[in-house]
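A closer look at the structure
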Amino acid sequence: MKVLIIDDETHVREGIKLLANWDEINTTEIFEAENGRIAKDIIISERPQIIFTDMMMPELDGRELLKWIKSEKLKCKIIVVTGYEDYQFMREAIQNGASDYLLKPIDPDTLNETISKVVEEWNKEEQQRRESIKHTRKLDEILPFYRDQHLSNAIIGNEYDGNLLTGVEKTAITSARVSVIKLRNLKAFIGIWSEELCYFAILNVVNEILQNKNVGIAFRNIHAKQEVCMIYWGEHIENFNKRLSEILMTVVPFPFHISNSGQYEVEKLHEAYLEAKQIIHEYNLLEMIECPVYLKANIQEQKGLNAIELLKLLDKMMEKNDISFFDEIINRIVNHLKEFNYFSYAQLENWHQEFELFLNRWITKKSIQTLHKISIDAYWNIRGHFELKDFLLAQRERVSSLLHQIERPAKELNTIEEIAYYIQNHYSEEISLQEFSEKFYLSREYISRKFKQIYGENLSDYIVRIRMNKAKELLKFPRLKIYEIAGEIGYQDDKYFRKIFKKMVGMTPNEYRKEFEVKEREIF
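Keep in mind that this is a model prediction, so the values were computed, not measured. (Residues numbered from 1 in each chain as written. Predicted model: local features only at pLDDT ≥ 70, side-chain atom pairs only at ≥ 80, totals over all residues. Heavy atoms only, no water.)

**Side note on the overall build of the chain**
- Broken down by element type, the chain carries 20 helices and 11 strands.
- Radius of gyration (C-alpha) of the chain: 26 Å, near the 24 Å computed for a compact globule of 524 residues.
- When the backbone C-alpha atoms are referred to their principal axes, the chain occupies close to 75 × 70 × 50 Å.
- Every one of the 524 residues in the chain was classed for burial, and the buried ones make up 48%.
- Here the chain displays about 27,500 Å² of accessible surface, and carbon together with sulfur accounts for 48% of that area. (Helix = DSSP H or I, 4+ residues; strand = E, 2+ residues; numbered from the N terminus. Rg over C-alpha atoms; globule rule 2.2 N^0.38 Å. Buried < 20%, exposed > 50% of the residue type's maximum accessible area, 1.4 Å probe, protein only. Areas by Shrake-Rupley, 256 points an atom, 1.4 Å probe, with all protein chains shown as cover.)

**Brief notes about the environment of R129**
- One can find R129 in helix 5 (residues 108–139).
- Here R129 falls in the partly exposed class, since its relative accessible area comes to 22%.
- There is a polar contact of 2.8 Å between the side chain of R129 and the side chain of E126. (Polar contact = N/O pair within 3.5 Å; in protein donor to acceptor, adjacent residues only side chain to side chain.)

**Let's talk about the pattern of salt bridges**
- Summed over the entire model, instances satisfying the criterion amount to 28 salt bridges.
- Its salt-bridge partner being R37, residue E59 comes within 2.5 Å of it at the nearest N-O pair. With E59 in the loop between strand 3 (50–54) and helix 3 (62–71) and R37 in helix 2 (residues 36–46), this pair connects stretches of sequence that are 22 residues apart.
- Assessed through its relative accessible area of 60%, E59 is described here as exposed.
- The exposure class assigned to R37 is partly exposed, which follows from its relative accessible area of 43%.
- With a shortest N-O distance of 3.3 Å, E246 and R243 are connected by a salt bridge. You can see E246 and its partner R243 sitting in helix 8 (residues 237–248), three residues apart, about one turn around the helix.
- Taking the relative accessible area as the measure of exposure, E246 reaches 33% and is therefore partly exposed. (Salt bridge = Lys/Arg side-chain N within 4 Å of Asp/Glu carboxyl O.)

**A closer look at the sheet that holds strand 3**
- With respect to topology, five strands assemble into an open sheet ordered 2-1-3-4-5, the strand pairing being parallel. The two strands at the open ends of the sheet, each matched to only one other strand, are strand 2 (29–33) and strand 5 (100–103). The mean angle between the axes of side-by-side strands here comes to 20°, regardless of whether they run parallel or antiparallel.
- For strand 1 (residues 2–6) and strand 3, the ladder comprises four bridges, and the chain directions are parallel. Its bridge partner lying in strand 3, I6 is registered against T53.
- Sheet strands in contact with helix 1 (residues 10–19) are strand 1, strand 2, strand 3 and strand 4 (77–82), and its direction is about 165° off that of strand 2. (Pairing = 2+ DSSP bridges. Axes fitted to C-alpha atoms, helices over the stretch in contact; angles between N-to-C directions. Contact = heavy atoms within 4.5 Å.)

**Here we look at the confidence of the model for the chain**
- For the chain, mean pLDDT is 85; residues scoring 70 or higher make up 93% of the total.
- Residue range residues 167–171 is modelled with pLDDT below 50. Its contacts to residues more than four positions away, or to other chains, number two contacts. (pLDDT = per-residue confidence, 0-100.)

**Here's the deal with the side chain of D377**
- If you trace the backbone, D377 turns up in the loop between helix 12 (345–365) and helix 13 (388–407).
- No salt bridge is formed by the buried D377; its nearest oppositely charged neighbour, R184, is found at 4.7 Å.
- Side chain to side chain, D377 and Q226 meet in a polar contact 3.2 Å long. (Lys, Arg positive; Asp, Glu negative; His and termini not counted.)

**A word on the nonpolar core**
- In this structure, I181, I202, V206, L244, I419, I423 and F497 are the most contacted members of the largest nonpolar core, which totals 64 residues.
- Not counting chain neighbours up to four residues away, the residues in contact with I419 comprise F436, F440, I447, F451 and L459.
- By size, the runner-up hydrophobic cluster in this structure holds 40 residues, among which are L313, M317, L348 and L388. (Core = buried A, V, L, I, M, F, W, Y, C linked by side-chain atoms within 4.5 Å.)

**A short note on the packing of aromatic side chains**
- For the structure shown, the criterion picks out 20 aromatic pairs.
- Where W380 meets F386, the ring centres are 5.2 Å apart and the plane angle is 70°; that geometry is what we call edge-to-face. F386 carries the same exposure label as W380, and that label is buried.
- Stacked on the ring of W122, the Lys or Arg R129 has its end atom at 4.6 Å from the ring centre.
- For the cation-ring pair, R184 lies above Y345, with the distance from its terminal atom to the ring centre recorded as 5.1 Å. (Phe/Tyr/Trp six-rings, centres within 6.5 Å; stacked < 30°, edge-to-face > 60°. Lys NZ or Arg CZ within 6 Å of the ring centre and 35° of its normal.)

**What to know about unusual backbone geometry**
- With an omega dihedral of -5°, the bond running from K104 to P105 counts as a cis peptide bond.
- Considering the arrangement of structural elements, one finds P105 in the loop between strand 5 and helix 5.
- Located in the positive-phi region is N185, a residue other than glycine, with phi close to 55°.
- Judged by its relative accessible area of 7%, N185 falls in the buried class.
- In this model, N341 sits at a positive phi of 50°, which is unusual for a non-glycine residue.

**Brief notes about the pairing of strand 4**
- Within strand 4, six of the six residues are buried, leaving the element largely enclosed by the surrounding structure.
- Covered by surrounding structure in strand 4 are K77, I79 and V81 together with I78, V80 and T82, the residues of both alternating faces.
- With five bridges connecting them, strand 3 and strand 4 associate as parallel partners. Along strand 4, the bridge assignment pairs T53 with V80.
- Between the parallel elements strand 3 and strand 4, the chain passes through helix 3 in a crossover that is right-handed.
- Relative to strand 5, strand 4 runs parallel, the two being bridged by four bridges. From the neighbouring strand, V81 faces strand 5, where its bridge partner is L102. (Right-handed = clockwise from strand over helix to strand, strands pointing away.)

Structure representation (structure tokens):
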């Protein structure tokens, strides 16, 4: 394993070389550089797996070096070494691909723990890369995967097999459009529809329609998550996509969004894709349109949230252990949306990333053991509308849980929190009190008593409530059968599920579904 140490101070470089247990990670060579300019040449020629870099250096500093490494998509693990305990430094370093950071003067134990962690990450990722290469070679031999790979390359500007674009001669097509079909909230259907089945269903429908008219080809974009793309050389794409969305909504259970670019020369498919992608990221989430097809005309100038002011409020909230600061943040977000009536996915994603960085900083600072994560993707409803209110309330619950753990940092609380977190992620499995008793070496009676003290309900009631909440989410998707939903949340007997649901919710699953459909129709 090759290591590169970059710092304009010789004693810092020497210190890292002396303090680290290099033999334990099978280090073969250690290179040094006093600034980013020299380091670039070493990185290009030697391809080190681990890089230590200072942030403040002459000629080319650590910031620019990190940006360059990220832009070149180089495979390496970066540890930032800095004398500044500055949140802005840390955030910028992580955003540009750093794995961790160390403060000067360097503590030997912290140094070696950090090295062990990044080496473990490197080995894991290297194994995944090897498996990915083997997997890709096998897929290349199969036509559908060959198609997906080459057309995915076409829209990102790489070389591809142009014969895949049409059944006629390539010269017959001189221009085309690119559409992006973004699949949403697939995890909600994992136990009912596998991810592969989701892609198969949508590609089967889209390609059948396209090939019948010989107007395009659809493929899974292997360079993006949950994305199907379409290269379209026919006419009236807006009408085509509108009709396509109507058909897809009767076939697949998950929500989706469609955008399309303008007309581009075939040689500029990459530009067409970027335009369609921009529309998906920047259309107005507050615009509750019924047909999930978006055009460039849907994009407007946006006024961003003042993230710095919100982060200051979050820090005050943590320092004072007062959830009311988060309520003030929600009020500011709501007022911002009322004033500008525009909120894009790009803005949402940016806020979510900032918020996760903030939470992780305080989790580390306070040595919190567990805090459940949430995904933006889980808050798309069946019509493809983003449930912003539910998303913000979920974030509030996480903050409340974090404050609760800081206020009561006892080990017993962390254990009960860990049990609750396990239930939230394994509600569809058989869960027993005995299992937790054996895992945490605590009596069943103790766990049961402490769980009720903290959560206000028995563990068994908590499991049922989590399952019923998930059932209510799935019932909003009309193409899912009741027995499918029952199986997804852990009930093999759908009659028993119906009985429990009525007892907990006060109506049958079908009645709940009908009530939701009535409310949805009232909105439109």
